[in-house]
Amino acid sequence: MANSVLTIDVIAKEALAILDNELVMAKRVHRGHESEFGNAMNGYQAGESISIKRPTDFTVRDGATASAQDVVEGSVALTVDKQKGVDFAFTSKELTLNIKDLSERAIKPAMVQLANQIDRDLMALYSSVPNWIGTPGQTINSFADFAKAPERLDATAVPTDARSAALSPADHWGLLGTQTGLFIQGAASGAYREGSLGKIGGVDTYMSQNVPTHTIGALGGTPLVNGAAQVSTYASVKTTMIQNLITDGWTAAAAPRVKAGDVFTIAGVYDVNPVTKATLPHLKQFVVQSDASSDGLGNATLSIYPAIISSGAFQNVSAAPADNAALTFLGTASTGYAQNLVFHKNAFALAMVPMVAPPGAVDVARHSYNGTSVRLIPFYNGSSDVSTFRLDVLYGVKAIDPRLATRVSGTA
């Protein structure tokens with residue numbers, strides 16, 4: 001192919017193609033909400049958001065007498081608030097190369113970094129997920145370990161289609177190393193520095209170096225529920241599904257006792273099937289939403305997800321927590337654990353939107369493909385004959401239904 005001067009439009013298209021190819025986690029989550037932002041010619045700025053409806057629910061009537069139920073719809077906001085970018089510079093001589101040469105030398109390494117950042121932002125949504133299967137600190141090294149995750153999803157009526165898993169390198173090799181003969185068939189390489197293990201138990205399974213580590217809070221003491229009847233109505237929490245839980249029994253005056261992302265159970269409070277409301281054999285798990293400290297008397301108020309709803313169409317626990325019911329936290333205090341995820345695509349959402357073309361900017365190139373959008377703007381320095389390019393993306397991530405996901409560790 002003959003060399004030709006590369007235009008801003010050609011570079012932007014090449015960057016977009018590479019970025020879309022390198023995304024891993026981003027291709028496993030819900031992307032349908034991007035269309036709700038529309039296709040405004042002027043693009044978008046950080047801070048714009050849409051409201052996503054939560055599914056409603058009902059109870060079944062017994063007998064012939066009608067009993068009308070109110071339709072109560074909750075919602076969750078998805079805001080495009082993450083502007084990320086990569087900047088690079090080329091001399092005019094370098095810009096006479098063909099696009100293949102430029103891609104290998106500069107564009108691909110830059111897009112790999114950007115794709116990994118987007119995937120890391122999605123993986124960070126683990127802190128909204130209350131379900132955590134296995135024993136923190138144990139490596140997944142058997143199919144039985146891994147199967148605990150889809151088993152939990154099945155028990156809680158999560159749809160069986162569109163399930164994916166992201167495993168840390170240690171858990172990936174722990175699983176593959178003992179199951180090579182069973183799972184190597186159909187395994188395929190994924191994006192740069194990440195790989196697909198294929199479908200395991202109906203779950204598309206990937207290794208990712210972007211699996212985060214969560215460090216448990218300091219904990220301490222014997223935490224207990226402080227006060228009975230700490231429950232919510234769906235109408236009062238329908239936009240957040242978060243409530244405050246008043247607790248005591250902590251070691252006095254330390255910060256923070258618990259950290260956002262810590263998972264715990266309450267004695268006597270079991271999970272229920274969200275459809276039948278039948279009590280399940282495992283305790284309901286809750287996740288702390290923000291760091292919390294104990295006061296001088298060992299009291300602490302925890303912001304938790306999900307809110308505790310003990311009756312009605314949105315019931316999610318077998319019973320309200322009793323006064324002085326014990327809280328049990330997963331993991332060891334102040335210890336970090338890999339946050340492997342198994343999830344249905346509707347657990348998380350990514351919305352990437354076209355960015356605004358700034359007034360006064362020259363030769364702005366904006367392109368979108370498969371929901372992925374990039375903007376490229378050049379700056380030229382005449383004294384050095386160097387063109388600097390800034391490439392930006394604008395997106396938002398959200399855990400829109402954390403019930404559809406679970407963290408997973410191995411078993412002892």
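Structure: see above.
Basis of the calculations
Residues numbered from 1 in each chain as written. Predicted model: local features only at pLDDT ≥ 70, side-chain atom pairs only at ≥ 80, totals over all residues. Heavy atoms only, no water. Helix = DSSP H or I, 4+ residues; strand = E, 2+ residues; numbered from the N terminus. Buried < 20%, exposed > 50% of the residue type's maximum accessible area, 1.4 Å probe, protein only. Contact = heavy atoms within 4.5 Å. Areas by Shrake-Rupley, 256 points an atom, 1.4 Å probe, with all protein chains shown as cover. Pairing = 2+ DSSP bridges. Salt bridge = Lys/Arg side-chain N within 4 Å of Asp/Glu carboxyl O. Axes fitted to C-alpha atoms, helices over the stretch in contact; angles between N-to-C directions.

Things to note about the overall build of the protein chain
A count of helices and strands for the protein chain gives 6 helices and 24 strands. When each of the 412 residues of the protein chain is scored for burial, the buried share is 48%. Nonlocal contacts in the protein chain, meaning residues at least 24 apart in sequence, comprise 77% of its contacts between residues at least 6 apart. For the protein chain, the accessible surface area stands at approximately 18,100 Å², while carbon and sulfur atoms represent 51% of it.

Some points on the pairing of strand E5 (residues 163-167)
Buried residues dominate E5, accounting for 5 of its 5 residues. Burial along E5 is two-sided: the face carrying Arg163, Ala165 and Leu167 and the face carrying Ser164 and Ala166 are both buried. Judged from the 4 bridges that link them, E5 and strand E8 (residues 203-207) form a sheet pairing that is parallel. The residue bridging alanine 166 from the neighbouring strand is tyrosine 206, located in E8.

Looking at the pattern of salt bridges
Counting across every chain of the model gives 7 salt bridges. One salt bridge connects aspartate 9 with lysine 13, and the closest N-O pair in it is separated by 3.5 Å. Here the residue aspartate 9 and the residue lysine 13 both occupy positions in helix H1 (residues 8-22), the gap between them amounting to 4 residues, near one helical turn. On the basis of relative accessibility, which here comes to 31%, the residue aspartate 9 falls in the partly exposed class. Each of Arg375, Arg390 and Asp392 takes part in a single network of salt bridges with overlapping partners.

Regarding the sheet that holds strand E10 (residues 221-225)
Strands sit in the order E10-E11-E16-E14-E13-E17 across an open sheet of 6 strands; the sheet is antiparallel. Strands with a single pairing partner mark the edges of an open sheet, and in this sheet they are E10 and strand E17 (327-329). Between one strand axis and the next, the sheet turns through 50° on average, direction left out of account.

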